[in-house]
Amino acid sequence: MNRNGPLALIFHVLFLGFLLAPILIVCAVAFTSQGYLSLPTEGLSLRWFRAIGDNPEFIRAFKDSLLLGAVSSTLAILVAVPAALAIARHQFFGREAIQALFLSPLMVPHIVLGIAFLRFFTMIGLGGTFAGLVLSHVIIILPFALRLILAASTGMDRAVENAAASLGASSWTCFRRVTLPLILPGVASGWVLAFINSFDEVTMTVFIASPETTTLPVRLFLYIQDNIDPLVAAVSAVLIFLTVAAMLVLDRVYGLERLLVGKGRD
Amino acid sequence: MAYLVLDQLTKRFGNWTAVDNVSLTVEKGELISLLGPSGCGKTTTLQMIAGFLDADGGRVMLDGQDLLAKKPNERGLGIVFQSYALFPHMTAAENVAFGLEMRRINRADRDRMVADALKLVGLEQYGDRHPRRMSGGQQQRVALARALVIKPSLLLLDEPLSNLDAKMREEMQIELRRIQRTVGTTMILVTHDQSEAMALSDRVVVMNKGRIQQVATPQEAYDRPANAFVANFLGRTNLLPGMVGGSAGGTVITVADSVWPVAQPMAAGPGALAVRPEKIGFVDAGGLSGTVLARVFQGTQWLFEIETAAGKLMVIRQHDGSPLPAERERVMVGWRADDMAVMPADPDTASGAREAA
Amino acid sequence: MSMAASTESQVQANAPATAPPPRRPRRWPWTPYLLSAPGLALFAVLLLVPLVMTFLLSLNSFSFYGGIENVWQIGNYADIIADSYFHEVFLRTFRIAAVVTLLCALFGAPEAYILRRMKSPWRGLCLLIVLGPLLISVVSRTLGWALLFGSTGLVNQGLMGLGLIATPIEFMYTETGVIIALTHVLVPFMVLSVWASLQRLDPQVENAALSLGAGPLTVMRRVVLPQIVPGILSGSIIVFALAASAFATPAIIGGRRLKVAATLAYDEFLNTLNWPLGATVAVLLLIANVVIIVGCNRLVERRYKQVFE
């Protein structure tokens, strides 16, 4: 009875097909040999992939996205680790409220944040700068990092820290030699999830990016609004390939389910 | 000269007093157990000595120094946790070396001391193993080595054997005793297992509801329990209600139709008589009369349940061929005055408690 | 300290009545605050301030010549409440969100259940396929739908080829297209949520029901479904909130004509430059979001707490 019947399997296959269709079509169109969009395509060629080279703004946006993701994620981790330790280790006044505050960006629509940051950055002179992008991304990716690091901190056996203290370790030594190595999987996966969210973010970034500092999803979005051609499909296809590769590595090393569902309950 | 002195140590959680003015002295090199049921305050006391809980009142003096004034990582105590708390990302040798690293012992000395410590607990080949690849007993021994290698002034053990299976537990009890004798460290063991406490300790400290009920050697506490709680907690005991009164010959206690002399002078009034099942025998006259309700053969011994006017009684007799009563027989049971303890009727007040040194 | 009780448990008969207070190192109560300080500072400056500013902005007024004026008035809110154009946009937004949520629940929940019953390695592989799209940018995914839709798009070609329709259906720039694309983007969240609640299920419970004589459908209806309802509900909350505030997908598929709340705000901000009005839409979206998420979560928790706690 715990096997799936034929009806269930048909549904399942259709569902997977539904999920994969747009992604596959993007990749398929990217290989078209024709100079315009046509489906089905007549021939296969790599001309559109080569054409990416003629559009340096895409390459530049890609690099900017990578840099933005790396910097924001690292900053987010640096803020999230002490915060997670505070929440997990201590009972203090305002603990619940502080935790809710750090997780609150999840509840705020990115469109609202885009508007808010646009206004704010314009007023303090950070409008359209890379620093502004970093700061805004840190805010929205912090909850993802925090959740995973928090789960790792609470899942740890606390007695180990007491043991370290009893053997003479100061608070800092205890953190460095005992706590950090033990929560490192949570920290690393928090970084990765934060990076992914920063890289893919478009709604908020569309408001605060400027032509000089733009991320790849935003550049794609703006391009698509005017025309849809195989070039943009090629760029997306490259992104998809890279993401799939990263995903396979992630799953092998850490487990995709664990990354997205989170280890333990919050 | 007392090595460790607990002076009216107190801990409160809100309205509830977990440890109530506990005072205790421990000699150097002693192994004492804090014994009692869950919630009696033994673990809380240990945690205050270790420094993981702040005391609400009282002092702890170790070798003349105020222990409570120091932070937990300055107290120099060795602690074996109930879950062992080994560092999972370090090997056994690295675990044991940790305390030495904190004390900035140089590499060569460190390696030597770690090897000696692992040898002491019988794990010299296991230095490179990680905790998750060790059995419970092995992990426990690593935890012990880690606590001992720093040559602590005091070793605290929090229910160290409770996670082991029965056979492992027996082995570890012997090991622990041997190690303590070899190294000579003063040890305080927290446990709820009375047979374990009696097997290991020089003295037991029986606790209940945050207070010390009796401090004595295991044999003293067993043979002469200070009150009904101790009598019930250590081994099996029969508790018979009676009336204490004076007479020309001295104080006696009357239990149903029997009269027993009481060694210490006691106030007249309701009292209780405690006597162990194995100390009761069948007599012809001068004892408590009753009827055999049931008898159970247990191989080396017979277990009797006797109904008397003072309540049900449990008697254990050796199966050595001597004639024993059958079910539904009327019998008379008796015991030596030395083998019984008499106490006031209310089991909760420990006013009869005394230190039997 | 109770004096009467203390005398009883003392070993020494002549102990002093009170022990001197212990000299303890003050355990620093500031540690957690210190640890959270960077995050608190960051959030106070970067989250709370901008949001407050946005709220204040929504109270400003705007004129074509004067730009943004620093007055406080609720005219923008009044405009939105009064104008039927805005009604239409908001209604459309929530209508789309509701349909998307329904579709995600209808398709996502069974899928999660089917996945659960698969054996590895299939299960791991299929989970990868279902959850993988979450790692791909929404722009790329929506681009795929833009390619699929359209009168010469594959969808229409396929449907006509199968003989189901005679003339191509309009998907692009319609609500239907937005709904389909949004469902695609958000259904993994539903699968995740139901999956998480399925993990807490004891598979033996189904077997117990079978042993008591229940048919497979009854087991589904009476045993499995009630236990995953909390997962479906919390997934629905997430999906609804995300769908109501969705931007990229409605922008690409819906185009300039079909506006939802998010694209409306974008329009006001970057095209019309009526920042106060755009801010007003944003504030309303935020309030709706918070109310939905917090309110519904409370309801779900309260109703299902006794089942799982």
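Note that the coordinates shown come from a computational prediction; the quantities given were computed from them, not determined experimentally.

Draft legend 1. Molecular detail of the overall build of chain B. Counting its regular elements, chain B contains eight helices and 20 strands. Within chain B, the proportion of its 357 residues that are buried is 45%.

Draft legend 2. The overall build of chain A, seen in detail. Each helix and strand in chain A was counted, giving twelve helices and zero strands. Reading chain A from its N end, one meets helices and strands in the order α-α-α-α-α-α-α-α-α-α-α-α. When its C-alpha atoms are laid out on the principal axes, chain A stretches across 75 × 65 × 30 Å. When burial is assessed residue by residue, chain A has 50% of its 266 residues classed as buried.

Draft legend 3. Inspection of the UniProt feature "domain: ABC transmembrane type-1" (unreviewed entry) in chain A at higher detail. Listed under "domain: ABC transmembrane type-1" (unreviewed entry) in the UniProt record, and renumbered for this structure, are residues 62-250 of chain A. Across residues 62-250 of chain A one finds 80% helix and 0% strand; the C-alpha atoms that close the span lie 21 Å apart.

Draft legend 4. Focus on the pairing of strand β13 (residues 258-261) of chain B. All names here are of chain B. Where burial is concerned, the two faces of β13 differ: the one with Ser 258 and Trp 260 is buried and the one with Val 259 and Pro 261 is not. By the bridge criterion, four bridges tie strand β12 (residues 250-255) to β13 in an arrangement that is antiparallel. Note on β13: the bridge partner recorded for Ile 253 is Trp 260. Between β12 and β13, which follow one another and run antiparallel, lie two residues, and Ala 256 among them has a positive phi close to 50°.

Draft legend 5. Representation of the nonpolar core. In terms of nonpolar packing, the biggest core is built from 164 residues, with Ala 80 and Ala 145 of chain A touching the most fellow members. Element by element, the count of residues in this core is highest for helix α6 (residues 130-155) of chain A, at 16 residues. Ignoring anything within four residues of it in the chain, the contact list for Ala 145 of chain A reads Ala 76, Ile 77, Ala 80, Gly 190, Trp 191, Leu 193 and Ala 194 of chain A. Within the second largest apolar cluster, 109 residues are counted, among which are Val 80, Leu 118, Ile 179 and Ile 306 of chain B.

Draft legend 6. Structural context of the interface of chain B and chain A. Counting from both sides, the interface comprises 17 residues of chain B and, opposite them, 15 residues of chain A. Element by element, the count of residues in the side of chain B that touches chain A is highest for helix α2 (residues 92-102) of chain B, at three residues.

Draft legend 7. The arrangement of unusual backbone geometry in detail. Residue and element names in this part refer to chain B. For Asp 63, which is not glycine, the phi torsion reads 55° and is therefore positive. Of note, Asp 63 is situated in the loop between β4 (57-62) and β5 (65-66). Not every positive phi belongs to a glycine, and Arg 104 is a case in point at roughly 60°. Within the secondary structure, Arg 104 is located in the loop between α2 and α3 (107-120).

Draft legend 8. View of the sheet that holds β4 of chain B. Residue and element names in this part refer to chain B. Taking strand neighbours across the sheet as the criterion, the four strands line up as β2-β1-β4-β5 in an open arrangement whose pairing is antiparallel. The open sheet terminates on both sides in strands that have one partner only, identified here as β2 (16-26) and β5. Two elements, strand β1 (residues 4-13) and β4, share five bridges in a ladder whose sense is antiparallel. Looking across to β4, one finds that Asp 7 is bridged to Arg 59.

Draft legend 9. Layout of the UniProt feature "transmembrane region" (unreviewed entry) in chain A. All names here are of chain A. The positions that UniProt labels "transmembrane region" (unreviewed entry) are, in the present scheme, residues 7-31, 66-88, 100-124, 130-150, 178-196 and 231-250. Across residues 130-150, the secondary structure splits into 100% helix and 0% strand, with the terminal C-alpha atoms separated by 29 Å. Segment residues 231-250 splits into 100% helix and 0% strand. End C-alpha atoms: 29 Å apart.

Draft legend 10. Looking closely at the pairing of strand β17 (residues 301-308) of chain B. All names here are of chain B. Where strand β16 (residues 288-297) lies against β17, seven bridges are found, and the strand directions are antiparallel. When the sheet's bridge partners are listed, Ala 294 is paired in β17 with Glu 305. Hairpin connection of β16 to β17: three residues between the antiparallel strands, including Gly 299 at a positive phi of 90°. Two strands pair when backbone bridges link them, and β17 and strand β18 (residues 311-318) are joined in this way by eight bridges, in the antiparallel orientation. The partner of Leu 303 across the bridge, within β18, is Ile 316.

Draft legend 11. View of the interface of chain C and chain A. If you look at the interface, chain C gives 72 residues, while chain A gives 67 residues. Of all the elements, helix α2 (residues 31-58) of chain C adds the most residues to the side of chain C that touches chain A, at 18 residues. Residues belonging to the side of chain C that touches chain A are distributed by class as follows: 55 nonpolar, 14 polar and three charged.

Draft legend 12. Highlighting the domain arrangement of chain B. Taken as a whole, chain B is organised into domain 1 (4-223) and domain 2 (239-344). Relative to domain 2 of chain B, the C-alpha centre of domain 1 of chain B lies at a distance of 40 Å.

Draft legend 13. Here's a closer look at the confidence of the model for chain B. Looking at chain B as a whole, the pLDDT averages 88, with 96% of positions reaching at least 70. The ipTM value of the predicted complex is 0.85, and its pTM value is 0.78.

Draft legend 14. Main features of the packing of helix α7 (residues 159-166) of chain A against helix α8 (residues 171-200) of chain A. Residues and elements named next belong to chain A. Interaxial distance between α7 and α8 falls to 10 Å at its minimum, and their mutual angle equals 140°. By the angle between their directions, the pair α7 and α8 is classed as oblique. Regarding α7 and α8, the two cross each other, and that crossing is right-handed. Across the interface between the two elements, Val 160, Glu 161, Ala 164 and Ala 165 from α7 touch Cys 174, Val 178 and Thr 179 from α8. Of the residues that constitute the contact of α7 with α8, the class distribution is five nonpolar, one polar and one charged.

Draft legend 15. Quick look at the environment of Gly 29 of chain B. All names here are of chain B. Mapped onto the secondary structure, Gly 29 falls in the loop between β2 and β3 (31-35). Each C-alpha atom, one on Gly 29 and one on Lys 209, is 28 Å from the other, the two residues being 180 residues apart in sequence. Residues contacting Gly 29, with those up to four places away along its chain left out, are Gly 184 and Thr 186.

Draft legend 16. View of the sheet that holds β16 of chain B. All names here are of chain B. Within the open sheet, the five strands sit side by side as β15-β19-β16-β17-β18. Their pairing is antiparallel. Edge positions in the sheet fall to β15 (281-282) and β18, since each has one partner strand and no second. Summarising the sheet, β15 and strand β19 (residues 330-334) pair through two bridges and their orientation is antiparallel. Across the sheet, residue Phe 282 finds its bridge partner in β19, namely Val 333.

Draft legend 17. Structural context of α6 of chain A. Residues and elements named next belong to chain A. In this model α6 runs 36 Å from its N-terminal to its C-terminal C-alpha over 26 residues, within 8% of the 38 Å that 1.5 Å per residue would give. Of all the bends in α6, the greatest reaches close to 40° and is centred on Ile 141; the proline Pro 143 follows between one and four positions later. Taken across its 26 residues, α6 has 22 buried, putting it largely inside the fold.

Draft legend 18. Looking closely at the environment of Lys 119 of chain B. Checked against the element boundaries, Lys 119 of chain B lands in helix α3. Measuring from C-alpha to C-alpha, the distance between Lys 119 of chain B and Ala 145 of chain B comes to 8.9 Å, with 26 residues separating the pair along the chain.

Draft legend 19. Main features of the environment of Gly 39 of chain B. Residue and element names in this part refer to chain B. Note that Gly 39 resides in the loop between β3 and α1 (42-50). Overall, the presence of 15 C-beta atoms within 10 Å leaves Gly 39 in the partly exposed class. A C-alpha to C-alpha distance of 6.8 Å links Gly 39 and Lys 209, two positions 170 residues apart in sequence.

Quick notes on the rules
Residues numbered from 1 in each chain as written. Chains lettered and ligands numbered in written order. Predicted model: local features only at pLDDT ≥ 70, side-chain atom pairs only at ≥ 80, totals over all residues. Helix = DSSP H or I, 4+ residues; strand = E, 2+ residues; numbered from the N terminus. Buried ≥ 20, exposed ≤ 12 C-beta atoms within 10 Å, placed from the backbone. UniProt positions renumbered as here; feature names shortened; annotations may be inferred. Pairing = 2+ DSSP bridges. Core = buried A, V, L, I, M, F, W, Y, C linked by C-beta atoms within 7 Å. Contact = placed C-beta atoms within 7 Å. Nonpolar A, V, L, I, M, F, W, Y, C, P; charged D, E, K, R; others polar. Domains from an automatic or database assignment. pLDDT = per-residue confidence, 0-100. Axes fitted to C-alpha atoms, helices over the stretch in contact; angles between N-to-C directions. Parallel < 35°, antiparallel > 145°, perpendicular 65-115°, else oblique. Left-handed = near helix turned anticlockwise from the far one by under 90°. Expected span 1.5 Å × (residues − 1). Bend = angle between axes of the 7 residues up to and from the residue.

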